[in-house]
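Here's the letter readout for the chains.
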There are 2 protein chains.
Amino acid sequence: MSFDHLHKRIKARKCPLAVELGLSPGELPPQLLESAQAACSDPLEGAAQAVRTFDLELLEALAGLVPAVVFPLPAYEQLGWRGLRVLEEVIRRARELDLFVIVDAKAGDEGEAGRAYARAWLGKTNLGAAQAVPFGGDCLTVNGYLGSEALRSVLEVCREEDKCFFALVKTAGAGAGELQDMVAGDRLVCQVVGDLTARLERETGQYGYSRAGAVVAAAYPSDLRALRKRLEHTFFLVPGYAPGMAQDLRFAFDPYGRGALLTAAAPVALAWRETGGDYREAAREAVRSLTGELRRYVTIL
Amino acid sequence: MSFDHLHKRIKARKCPLAVELGLSPGELPPQLLESAQAACSDPLEGAAQAVRTFDLELLEALAGLVPAVVFPLPAYEQLGWRGLRVLEEVIRRARELDLFVIVDAKAGDEGEAGRAYARAWLGKTNLGAAQAVPFGGDCLTVNGYLGSEALRSVLEVCREEDKCFFALVKTAGAGAGELQDMVAGDRLVCQVVGDLTARLERETGQYGYSRAGAVVAAAYPSDLRALRKRLEHTFFLVPGYAPGMAQDLRFAFDPYGRGALLTAAAPVALAWRETGGDYREAAREAVRSLTGELRRYVTIL
């Protein structure tokens, strides 16, 4: 079961923290962007090459420390097809480095488009006589507003390919609660989506988690704690981890330190802005510090 | 206002019907796929070239008949970055042919990823000293589960670029109602998202519609009629139009035949399977027939 593969990596690194890559061009170290642009006549290609360099260097720097990496799809889409070509290459390299690859695309659809979404990011595309792997990620985020058909399209590909997914259950942004915290029947809307996801897949892996995970933001620790109790076989992706949050977020994990992966974006990828030094070393140092804090509250068995 | 641009095209063609492209490789006319694959050593590239040929030929065949074209993103993603390169080219050609381009990506996010999503499909990306247009669509679908921040990220780019979007309100697939038809407070969840979308943008264009539209599936005509009354300044994208539905779907439009665009996928793009003839001519004939049926029930002023 695919979350078993993730947990093994978490256990090996003693680190339940993923790094999110995908900086926008304006967030990259300026000298990196400028030198890539100087070498390319096409401005989108120049920016894509700068993102490629930054991502590949951070993957090399962090692969021994973190178990997983998150790629926010829009960061690559905003560079046009050149950004997607970089994403394909960077995903391949991450997997070579034994990192678990999470594609954060937050889409999902019904019918053929729903199946195509799952094939694109996790599976194989049928090409008449042949088949091919388009992007080859390990795990995909899915928006459940379209209900169980959209989730099931992804789940079916996950079963075929031994992959997994995270349904968006509770997100962090301003206004996320407008819908997610409404009471629908005797539950909150985010609980409805959580329950729907949990019901979809009863089979669990060796650590007790199914292929159908849930995104639950770090921003609301009490909701996280309540959802952890409610959804005992659902692996959580917890975006938005930052220094000082470890104590609050320990409830994302089960008593064995399993069932959750926290993610950090800016605190790692933009750590160089604080330190002023080399961005690879700054990212490593940030990961060491964040992991150290987590280890004080979470023991991973 | 951007839906004005769409309505002008609808009025000029006397046709409120968009065609959805983006067939999966296995759905393409077999000889087209085979000849493209024979010319390419890379199987994804071969399939992408076959999709490119089919799309470009259908655009040429239909540009005088329909006002708009819908591109379901996963259909292109499943061909890897090569599929996205084709999509970029096909979007450009559609706009040259005076077609209104709707990217059906059904995503949406908060923070920088939310803004990047909007820039990718509708706007410009900042590349340090320069800016560039990644895909350049006119309109984008957005999943509103993340609340108003995700919608507002897209709306802001729409205001800058004179573009528009459709929030997913009521979709068609099996299980869509599991969440969308729940009662939350005194409203259905789909009404909550519809109201949220409508409240986001009060400014309307010359035909009375704002930049913030809604996806409302053709599959539930009575819901469509109720939502039309509820959301009087919200332009509707109505996917799933097929022969025989025009009478039921006339309530998608206001009394002047404005405020809605129906979309047809398989009835047009796969029409050649029924007729056995040339796929361009089959598509043209299908569009003529579907439009003729619509004109009996909807008069466009």
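What counts as what
- Residues numbered from 1 in each chain as written.
- Chains lettered and ligands numbered in written order.
- Predicted model: local features only at pLDDT ≥ 70, side-chain atom pairs only at ≥ 80, totals over all residues.
- Heavy atoms only, no water.
- Pairing = 2+ DSSP bridges.
- Helix = DSSP H or I, 4+ residues; strand = E, 2+ residues; numbered from the N terminus.
- Axes fitted to C-alpha atoms, helices over the stretch in contact; angles between N-to-C directions.
- Contact = heavy atoms within 4.5 Å.
- Least-squares fit on C-alpha atoms with pLDDT ≥ 70 in both.
- Buried < 20%, exposed > 50% of the residue type's maximum accessible area, 1.4 Å probe, protein only.
- Salt bridge = Lys/Arg side-chain N within 4 Å of Asp/Glu carboxyl O.
- Phe/Tyr/Trp six-rings, centres within 6.5 Å; stacked < 30°, edge-to-face > 60°.
- Lys NZ or Arg CZ within 6 Å of the ring centre and 35° of its normal.
- Buried area = accessible area lost by both parts, 1.4 Å probe.
- Polar contact = N/O pair within 3.5 Å; in protein donor to acceptor, adjacent residues only side chain to side chain.
- Nonpolar A, V, L, I, M, F, W, Y, C, P; charged D, E, K, R; others polar.
- Parallel < 35°, antiparallel > 145°, perpendicular 65-115°, else oblique.
- Expected span 1.5 Å × (residues − 1).
- Arc of directions from axis to C-beta.

Considering the sheet that holds strand 10 (residues 212-216) of chain B
All names here are of chain B.
Thought 1: Read once around its circumference, the closed barrel built from eight strands follows the order 1-2-3-6-7-10-11-12, with strand pairing classed as parallel. Geometrically, the sheet is characterised by an average inter-axis angle of 30° between neighbouring strands, direction not taken into account.
Thought 2: In this fold helix 1 (residues 2-13) packs onto strand 2 (68-72), strand 3 (100-107), strand 6 (139-142), strand 7 (164-170), strand 10 and strand 12 (260-264), with an angle of close to 85° to the strand it touches most, strand 7.

Regarding the relation of the copies chain A and chain B
Put simply, the second copy of the chain is the first one after a rotation about an axis and a shift along it.
Thought 1: Once chain A has been moved 0.0 Å along the axis and rotated by 180°, it coincides with chain B to within an RMSD of 0.0 Å. Overall, the copies show the geometry of a two-fold rotation axis.
Thought 2: Most of the interface of chain A is mirrored in chain B, where 99% of its interface residues are also at the interface.

Remarks on unusual backbone geometry
Residue and element names in this part refer to chain A.
Thought 1: Look at Asp98: it is not a glycine, yet its phi comes out positive at around 65°.
Thought 2: Residue position: Asp98 is located in the loop between helix 5 (80-96) and strand 3 (100-107).
Thought 3: By relative accessible area, which is 36% here, Asp98 ends up partly exposed.

Re the pattern of salt bridges
Thought 1: Per the stated rule, a full pass over the model turns up 52 salt bridges over all chains.
Thought 2: With a closest N to O distance of 2.9 Å, Lys106(B) and Asp109(A) form a salt bridge. With one member in each of two chains, Lys106(B) in strand 3 and Asp109(A) in the loop between strand 3 and helix 6 (111-122) form a pair that bridges those chains.
Thought 3: Looking at Lys106(B), the relative accessible area reads 8%, which means it is buried.
Thought 4: Of the charged contacts in the structure, one is a salt bridge between Asp98(B) and Arg13(B), with a shortest N-O distance of 3.5 Å. One end of the pair, Asp98(B), is in the loop between helix 5 (80-96) and strand 3; the other, Arg13(B), is in helix 1, and 85 residues separate them in sequence.
Thought 5: We classify Arg13(B) as buried; its relative accessible area is 12%.

A short note on the packing of aromatic side chains
Thought 1: Applying the stated criterion to the full structure yields 15 aromatic pairs over all chains.
Thought 2: Arranged with centres 5.0 Å apart and planes meeting at 45°, the rings of Phe3(A) and Phe166(A) form a pair that is tilted. Taken as a pair, Phe3(A) in helix 1 (residues 2-13) and Phe166(A) in strand 7 (residues 164-170) lie far apart in primary sequence, 163 residues in all.
Thought 3: Ring geometry for Phe54(A) versus Tyr279(A): centroids 5.0 Å apart, planes at 35°, classification tilted. Placement of Phe54(A) in helix 3 (residues 43-62) and of Tyr279(A) in helix 14 (residues 279-297) is noted, with a sequence separation of 225 residues between them.
Thought 4: By relative accessible area, Phe54(A) is classed as buried at 0%.
Thought 5: Given a relative accessible area of 8%, Tyr279(A) falls into the buried group.
Thought 6: An aromatic cluster is defined as three or more aromatic residues linked by ring pairs; in this entry it consists of Phe3(A), Phe166(A), Tyr209(A) and Phe235(A).
Thought 7: It is Lys170(B) that lies over the ring of Tyr220(B); its NZ or CZ is 4.3 Å from the centre.

Looking at the interface of chain A and chain B
Thought 1: Contact with chain A, which involves 72 residues of that partner, is made by 71 residues of chain B.
Thought 2: Counting the surface chain A buries against chain B, the share from its top three residues, Trp81(A), Leu127(A) and Tyr145(A), is 15%.
Thought 3: Taken together, the connections running from chain A to chain B amount to 29 residue pairs in polar contact (both at pLDDT 80 or more).
Thought 4: It is helix 6 of chain A that contributes the most residues to the side of chain A that touches chain B, seven residues altogether.
Thought 5: Classifying every residue of the side of chain A that touches chain B by side-chain character gives 40 nonpolar, 18 polar and 14 charged.

Remarks on the packing of helix 5 of chain A against helix 5 of chain B
Thought 1: Their axes nearest at 8 Å, the elements helix 5 of chain A and helix 5 of chain B cross at an angle of 175°. In terms of orientation, helix 5 of chain A lies roughly antiparallel with respect to helix 5 of chain B. On the side of helix 5 of chain A, the interface is formed by Gly80(A), Trp81(A), Arg82(A), Leu84(A), Arg85(A) and Glu88(A), while helix 5 of chain B contributes Gly80(B), Trp81(B), Arg82(B), Leu84(B), Arg85(B) and Glu88(B).
Thought 2: When the residues that make up the contact of helix 5 of chain A with helix 5 of chain B are grouped by side-chain class, the tally is four nonpolar, two polar and six charged.

A word on the pairing of strand 6 (residues 139-142) of chain A
Residue and element names in this part refer to chain A.
Thought 1: Burial of strand 6 is two-sided: the residues Cys139 and Thr141 facing one way and the residues Leu140 and Val142 facing the other way are all buried.
Thought 2: Strand direction decides the pairing type here: strand 3 and strand 6, joined by three bridges, are parallel. Residue pairing across strands places Val103 opposite Leu140, the latter belonging to strand 6.

Observations concerning helix 14 of chain A
Residue and element names in this part refer to chain A.
Thought 1: Under the 1.5 Å per step criterion, the end-to-end length of helix 14 is 28 Å for 19 residues, consistent within 8% with the ideal 27 Å.
Thought 2: Looking only at helix 14, the buried set comprises Tyr279, Ala282, Ala283, Ala286, Val287, Leu290, Thr291, Glu293 and Leu294. Viewed along the axis of helix 14, the buried residues span an arc of 160°, placing them on a single side of the element.

With respect to the sheet that holds strand 6 of chain A
Residue and element names in this part refer to chain A.
Thought 1: In spatial order, the strands read 1-2-3-6-7-10-11-12; together these eight strands close into a barrel with parallel pairing. Here the strands of the sheet are splayed against their neighbours by 30° on average, with no regard to which way each runs.
Thought 2: Here five bridges tie strand 7 to strand 10 (residues 212-216), and the two strands are oriented parallel to one another. In the sheet register, Ala167 faces strand 10, and the bridge partner there is Ala214.
Thought 3: Together, strand 6 and strand 7 form the strand contacts of helix 7 (residues 148-161), whose direction differs from that of strand 7 by roughly 155°.

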